[in-house]
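# Coordinates in review
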Amino acid sequence: MIRVQREDFDPGAEMASFCAGDASVGAVASFLGLVRADKSAGGDSAVAAMTLEHYPGMTERQLEAIEQEARRRWPLIDVRVIHRYGRLEPGDRIVLVLTASAHRQAAFDACAFLMDWLKTKAPFWKLEETADGRRWVEAKASDDAAADRWTDG
Amino acid sequence: MIRVQREDFDPGAEMASFCAGDASVGAVASFLGLVRADKSAGGDSAVAAMTLEHYPGMTERQLEAIEQEARRRWPLIDVRVIHRYGRLEPGDRIVLVLTASAHRQAAFDACAFLMDWLKTKAPFWKLEETADGRRWVEAKASDDAAADRWTDG
Amino acid sequence: MITVLYFAWLRDGIGTGREEVAPPPEVATVGTLLGWLAGRSAGHGKALADPARLRCAVNQDYAGLDAPVKAGDEVAFFPPVTGG
Amino acid sequence: MITVLYFAWLRDGIGTGREEVAPPPEVATVGTLLGWLAGRSAGHGKALADPARLRCAVNQDYAGLDAPVKAGDEVAFFPPVTGG
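Residues numbered from 1 in each chain as written. Chains lettered and ligands numbered in written order. Predicted model: local features only at pLDDT ≥ 70, side-chain atom pairs only at ≥ 80, totals over all residues. Heavy atoms only, no water.

## Section: helix α2 (residues 58-73) of chain B
Here α2 of chain B spans 22 Å end to end across 16 residues, near enough to the 22 Å set by a 1.5 Å rise per residue. Those residues of α2 of chain B that sit buried are Met58, Thr59, Gln62, Leu63, Ile66, Glu67, Glu69 and Ala70 of chain B. (Helix = DSSP H or I, 4+ residues; strand = E, 2+ residues; numbered from the N terminus. Expected span 1.5 Å × (residues − 1). Buried < 20%, exposed > 50% of the residue type's maximum accessible area, 1.4 Å probe, protein only.)

## With respect to the interface of chain A and chain C
Size of an interface: often given as the accessible area lost when the parts come together. Listed as interface residues are 26 residues of chain A and, on the opposing side, 21 residues of chain C. When chain A packs against chain C, the two sides together hide about 1800 Å² of surface, and 54% of this comes from carbon and sulfur. Looking only at chain A, the three residues that lose the most surface to chain C are Tyr55, Trp125 and Trp136 of chain A, adding up to 35% of its buried area. Linking chain A with chain C are two salt bridges, by the criterion used here. Across the pair arginine 11 of chain C and glutamate 53 of chain A runs a salt bridge whose closest N-O atoms are separated by 2.3 Å. Scanning the region where chain A abuts chain C turns up 16 residue pairs in polar contact (both at pLDDT 80 or more). Counting residues per element, the ones that place at least two in the side of chain A that touches chain C are β3 (47-54), α2 (58-73), β6 (93-101), α3 (104-121) and β7 (124-130) of chain A. No other element matches the five residues that α3 of chain A contributes to the side of chain A that touches chain C. Tallied by class, residues from the side of chain A that touches chain C come to 15 nonpolar, five polar and six charged. (Contact = heavy atoms within 4.5 Å. Buried area = accessible area lost by both parts, 1.4 Å probe. Salt bridge = Lys/Arg side-chain N within 4 Å of Asp/Glu carboxyl O. Polar contact = N/O pair within 3.5 Å; in protein donor to acceptor, adjacent residues only side chain to side chain. Nonpolar A, V, L, I, M, F, W, Y, C, P; charged D, E, K, R; others polar.)

## Digging into the side chain of arginine 84 of chain A
All names here are of chain A. Relative to the helices and strands, arginine 84 resides in strand β4 (residues 76-84). At 3.2 Å, the side chain of arginine 84 forms a polar contact with the backbone oxygen of arginine 6. At 3.4 Å, the side chain of arginine 84 and the side chain of aspartate 8 are in polar contact.

## Brief notes about the interface of chain A and chain B
Contacts between the two partners involve 34 residues from chain A and, on the opposite side, 34 residues from chain B. Overall, the association of chain A and chain B removes approximately 2700 Å² of surface from exposure, summing both partners, and the carbon and sulfur fraction of that is 58%. Contact with chain B buries area across many residues of chain A, yet Arg36, Arg104 and Phe108 of chain A alone supply 26% of it, more than any other trio. On the surface where chain A and chain B come into contact, there are four salt bridges. Taking the shortest distance from any N to any O, the salt bridge between arginine 104 of chain B and aspartate 143 of chain A comes out at 2.9 Å. Between chain A and chain B we count 13 residue pairs in polar contact (both at pLDDT 80 or more) in total. Of all the secondary-structure elements, those providing two or more residues to the side of chain A that touches chain B are α1 (11-17), β2 (27-34), α3 and α4 (141-148) of chain A. Class assignment of the residues belonging to the side of chain A that touches chain B gives a composition of 19 nonpolar, eight polar and seven charged.

## A few points about the relation of the copies chain A and chain B
Mapping between the two chain copies consists of a rotation about an axis together with a translation along that axis. Once chain A is rotated about the relating axis by 180 degrees and shifted along it by 0.0 Å, it coincides with chain B to within an RMSD of 0.0 Å. The superposition operator between the copies reduces to a two-fold rotation axis. Relative to the rotation axis, the C-alpha of glycine 12 of chain A is the closest in chain A, positioned 1.6 Å from it. A share of 100% of interface residues in chain A that are also interface residues in chain B marks the association as one of identical surfaces. (Least-squares fit on C-alpha atoms with pLDDT ≥ 70 in both.)

Here it is, written out as structure tokens:
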């Protein structure tokens, strides 16, 4: 299940409701991404805030495609991806990915895959605000490399 | 932080209290392991329940050593490992691992590492109860292989 | 008409996030559309100058420069994504 | 005295999870202790027959067959672990 939303989410409540009562689940992996205070990709100034822009419609479409690809690659019992947009401050939650499977390796790998592909395929853009002004974050080669790990052949 | 306990834990509450308010954290990875209803390692019968035996004292000591090894390998801001012992039924929680780092790859890798090493080094033993009787679960070669992934050289 | 969308610094540079355009018939691919759009203003020209810095989607799926475009399509140009 | 602990099917087979033993002085390693313990009863002999199926810890750290043991140590024998 994909959710793209401006409002915050509660990771604990999400985890509690994820696969509740399904005794075929042996493994739940999760990833929570947050805004770091010290994270400025392009300068020395601390990030005071960031605004996540997205492409409504395409975002949901691409995240659903990524979820389907994960389900094709691993025997997943359930998947949940929640990604926020709008203005966020240090410590705020950005993204939550939950994966459930019978076995831990599938849950772990699918969770890492979803994050890697989301980072390079879901149409979000970060605008950082620092003491030096506002700037669009540049894409990172390390994210491309991480996504390429999952490419066949 | 290591906790070895008979009582259940609340993954949502654990996640909520983990690194709360630390804006240097950009990534939290987690793994939750549960008792599967369909899991019988050695027979066709469904598992009705299992009892996790452990070696009090050594368990905590080994888990603390594994946590220290993870902190040596990755720049982790915090680690939490909770492992239960005693009688558990399908759907019951067994283990929770939480890792926090500035970056997602460190959080993911450390979480997978902790589970892989815990599976092969922490002194727990599973006694399964099925309609056919009780049996001690045999260690799996796949768990040894997973743990060996992290061995240098 | 083709709906063209711009995001992030492309929108800032062009001054709008959306425009409806009716290019001439020889504009039939993402690449030719990009060239035609670049001539619409100085802001367009600067923002769209380097296709290597851009990504494109046609009807919300990623598309390369040789992908076809036609009337009724939604074509978006944006920088490499930075979510997550 | 050496405190010897058994877990899982070793405990089931030997009939106790803990015993205090005072082996002769030539029992100075895990391996020689294992051999000496195997002679204590039929249950011991059967449970401890195949060292390849066993793991050992001395004072709560993993130890090999050639690790030294001495009076006051806590020595544990158990199957490969299956937690998580």
